[in-house]
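# Coordinates in review
As a plain string of letters, each chain reads:
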Amino acid sequence: NAGVTQTPKFQVLKTGQSMTLQCAQDMNHEYMSWYRQDPGMGLRLIHYSVGAGITDQGEVPNGYNVSRSTTEDFPLRLLSAAPSQTSVYFCASSYLERDEKLFFGSGTQLSVL
Amino acid sequence: GESVGLHLPTLSVQEGDNSIINCAYSNSASDYFIWYKQESGKGPQFIIDIRSNMDKRQGQRVTVLLNKTVKHLSLQIAATQPGDSAVYFCAEMFGNEKLTFGTGTRLTIIP
């Protein structure tokens, strides 16, 4: 039982480059979300999805895109990376349609130079 | 202890002792609270949650206490073990709003 799987584990980008952070869960959870974690700050919600085909913005959505074509996958796209996007990114899922009982992936550490 | 939005504090506890991690939350209307544990290099792991209609809830070696009068949440870990060393953070939620996460407290278990 893999739970929530994120790839890659580490990534270094140059300013202006684009990339996709992958997230997959095998628990058949409808609710999935992306967070970023920065030093001295709590987790902040980027985007979330309550089911396939449905996405919505969180607290800090600028510079990020998401799509949800299947229940299992919820990729996060950085359109044009900026140094301010240097962070640790976590994907989470839940069997509930809200933030309760979130299961988190192991994270992607992203550095933008 | 921590407060949602404040700098990360630290707590050192002797192995075998009990530890208490505190959290001051901001929204008096919050009706759901949750504690997470985050080990170095890993994602947050659910520990225990509590709703506002309760003031205490127990799990395996952990107890969460909720004091709505002073907007305070605490996590008690009994008989701490080396594996309890991690960052612990609380989060609050009101209705169908999103969780607001605290910054965490770093717990170090001294052998």
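Please refer to the structure placed before this passage.
An account of the accompanying structure is given in this report.

### With respect to the packing of aromatic side chains
- For the coordinates displayed, the defined rule picks out 11 aromatic pairs over all chains.
- Here the aromatic cluster, defined as three or more aromatic residues joined through ring pairs, consists of Y35, F90 and F104 of chain A together with Y36, F46, F89 and F101 of chain B.

### A closer look at the interface of chain A and chain B
- Counting residues at the interface gives 19 residues for chain A, matched by 21 residues for chain B.
- The junction of chain A with chain B conceals about 1,500 Å² of combined surface from both sides, 53% of it contributed by carbon and sulfur atoms.
- For the pair chain A and chain B, the number of links is 1 salt bridge.
- One salt bridge connects K101 of chain A with D49 of chain B, and the closest N-O pair in it is separated by 2.5 Å.

### Some words on the pattern of salt bridges
- Evaluated as defined, the whole model comprises 5 salt bridges over all chains.
- Residues D38 of chain A and R44 of chain A are paired through a salt bridge, measuring 2.8 Å at the closest nitrogen-oxygen approach. One exposure class covers both D38 of chain A and R44 of chain A, and it is buried.
- R57 of chain B serves as the salt-bridge partner of D49 of chain B, at 2.4 Å between the closest nitrogen and oxygen.
- By relative accessible area, which is 4% here, D49 of chain B ends up buried.
- Through salt bridges with shared partners, a single ionic network connects R36, D38 and R44 of chain A.

### Some words on the environment of V4 of chain A
- Tracing the backbone through its elements, the reader meets V4 of chain A in strand β1 (residues 4-7).
- Leaving out residues up to four positions away in the same chain, V4 of chain A has contacts with C23, A24, Q25, M27, C91, S93, F103, F104 and G105 of chain A.

### Quick word on the side chain of D49 of chain B
- By secondary structure assignment, the location of D49 of chain B is in strand β5 (residues 45-51).
- Within polar-contact distance, the side chain of D49 of chain B engages the side chain of Y32 of chain B at 2.7 Å.
- At 2.4 Å, the side chain of D49 of chain B and the side chain of R57 of chain B are in polar contact.
- Discounting residues that sit within four places of it in the chain, D49 of chain B has contacts with K101 of chain A together with Y32, F33, I34, R57 and V64 of chain B.

### Focus on the side chain of K37 of chain B
All names here are of chain B.
- Tracing the sequence through the fold places K37 in strand β4 (residues 32-38).
- One buried charged residue, K37, forms no salt bridge at all, with the nearest opposite charge on E39 at 4.3 Å.
- For K37, the side chain forms a polar contact with the main-chain oxygen of G83, separated by 2.7 Å.
- If sequence neighbours within four positions are ignored, K37 has contacts with G43, P44, Q45, I47, G83, D84, A86, V87 and Y88.

The rules behind each value
- Residues numbered from 1 in each chain as written.
- Chains lettered and ligands numbered in written order.
- Predicted model: local features only at pLDDT ≥ 70, side-chain atom pairs only at ≥ 80, totals over all residues.
- Heavy atoms only, no water.
- Phe/Tyr/Trp six-rings, centres within 6.5 Å; stacked < 30°, edge-to-face > 60°.
- Contact = heavy atoms within 4.5 Å.
- Buried area = accessible area lost by both parts, 1.4 Å probe.
- Salt bridge = Lys/Arg side-chain N within 4 Å of Asp/Glu carboxyl O.
- Buried < 20%, exposed > 50% of the residue type's maximum accessible area, 1.4 Å probe, protein only.
- Helix = DSSP H or I, 4+ residues; strand = E, 2+ residues; numbered from the N terminus.
- Polar contact = N/O pair within 3.5 Å; in protein donor to acceptor, adjacent residues only side chain to side chain.
- Lys, Arg positive; Asp, Glu negative; His and termini not counted.

Spatial relationships are all this shows, so hold off on functional conclusions.
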